[in-house]
Amino acid sequence: MITLRSFGPAFGLPDPSPFVTKAEVLLKMAGLPYTVDTGGFKKAPKGKLPYIDDDGETIADSTFIRWRWMDDANFAKGPRNFFRTIPAPIRPVVVAMIRRQLRRTLHGQGIGRHSPEEIVALGTRSIDATADFLGTQPFMMGPEPTGLDAAAFAFVAGVLCPLFETPLRTAAERHHNLRRYVGRMTARFYPEQSEMAGCKAAA
């Protein structure tokens, strides 16, 4: 049995990490039986979620997303809640250390070397390209979802999350086909969440 180590639902999303959501949708698409464990972060082999335990074999992957962790206002709304279980006296130190580590990672990857304006421009261009590629199709490659939709849905749903005020959310909201797409994917893979991020399932 596969165990998916995740953060768990938050902010109206199946998971606050789009990488976790992508992994879960792929498991759902494959029809593989799995369970979800939200208590595995401390044991994460690379200090990140998601990872899976497949009958004793641990497979790790993923990273966090910049605009929630580096923007102070958005960090206070969301990711700061992940640290509530840390004792109050040392919590500020731990939070500062984790955010410094993430800044270093982003700098090493390259995205952290851009100005906020450049990052927004790059992100907006990607959102526009995603909307153009989807067009009037129900899913990215046609009438049925594929592995590409697992990643596209996870990131588009995350960008559209209404809790966070970002220029990228504004850019995504301009594309009604993306909102409807998130609604269709939610209806297919997370029907218990009915309507996510205000995205309706209408075609």
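A brief look at the structure comes next. (Residues numbered from 1 in each chain as written. Predicted model: local features only at pLDDT ≥ 70, side-chain atom pairs only at ≥ 80, totals over all residues. Heavy atoms only, no water.)

**Let's talk about the packing of aromatic side chains**
(1) Moving on: According to the stated counting rule, one finds two aromatic pairs in the structure shown.
(2) Moving on: Relative to F155, the ring of F19 lies with its centre 5.1 Å away and its plane at 85°, an arrangement referred to as edge-to-face. Of the two residues, F19 is situated in helix α1 (residues 18-30) and F155 in helix α6 (residues 147-159); the sequence distance between them amounts to 136 residues.
(3) Moving on: Residue class for F19 comes out buried when judged on its relative accessible area of 16%.
(4) Moving on: Ring geometry for F153 against Y190: centres 6.2 Å apart, planes inclined by 25°, an arrangement best described as stacked. (Phe/Tyr/Trp six-rings, centres within 6.5 Å; stacked < 30°, edge-to-face > 60°. Helix = DSSP H or I, 4+ residues; strand = E, 2+ residues; numbered from the N terminus. Buried < 20%, exposed > 50% of the residue type's maximum accessible area, 1.4 Å probe, protein only.)

**A short note on the pairing of strand β3 (residues 51-54)**
(1) Moving on: As judged from the four bridges shared by strand β1 (residues 2-5) and β3, these two strands associate in the antiparallel manner. If you follow L4 over to β3, its bridge partner there is I52.
(2) Moving on: Note: β3 against strand β4 (residues 57-60), four bridges, orientation antiparallel. Along β4, the bridge assignment pairs Y51 with A60.
(3) Moving on: The turn linking β3 back onto β4 is made up of two residues, and D55 within it adopts a positive phi angle of 50°. (Pairing = 2+ DSSP bridges.)

**Re helix α8 (residues 176-189)**
(1) Moving on: Between its first and last C-alpha atoms α8 spans 20 Å; for 14 residues at 1.5 Å apiece the expected length is 20 Å, and the two agree.
(2) Moving on: The set of residues buried in α8 consists of N177, L178, Y181, V182, G183, R184, M185, T186 and F189.
(3) Moving on: Looking at the buried residues of α8, the elements they touch are α1, α5 (116-134), α6 and α7 (167-173). (Expected span 1.5 Å × (residues − 1). Contact = heavy atoms within 4.5 Å.)

**Digging into the sheet that holds strand β2 (residues 34-37)**
(1) Moving on: Read across the sheet, four strands follow the order β2-β1-β3-β4 without closing on themselves; strand pairing throughout is mixed. Of all the strands in the sheet, the pair left with one neighbour each is β2 and β4. Adjacent strand axes in the sheet meet at a mean angle of 20° when their direction is disregarded.
(2) Moving on: Judged from the four bridges that link them, β1 and β2 form a sheet pairing that is parallel. In the sheet register, R5 faces β2, and the bridge partner there is D37.
(3) Moving on: The strands touched by α1 within the sheet are β1 and β2, with β1 carrying the most contacts at an inclination of about 160°. (Axes fitted to C-alpha atoms, helices over the stretch in contact; angles between N-to-C directions.)

**What about the packing of α5 against α8?**
(1) Moving on: Put simply, α5 and α8 touch, their axes get as near as 9 Å, and they point 70° apart. Considering the angle they form, α5 stands roughly perpendicular to α8. Contacts from I127, T130, A131 and L134 in α5 reach N177, L178 and Y181 in α8.
(2) Moving on: For the contact of α5 with α8, the class distribution of residues is five nonpolar, two polar and no charged. (Parallel < 35°, antiparallel > 145°, perpendicular 65-115°, else oblique. Nonpolar A, V, L, I, M, F, W, Y, C, P; charged D, E, K, R; others polar.)

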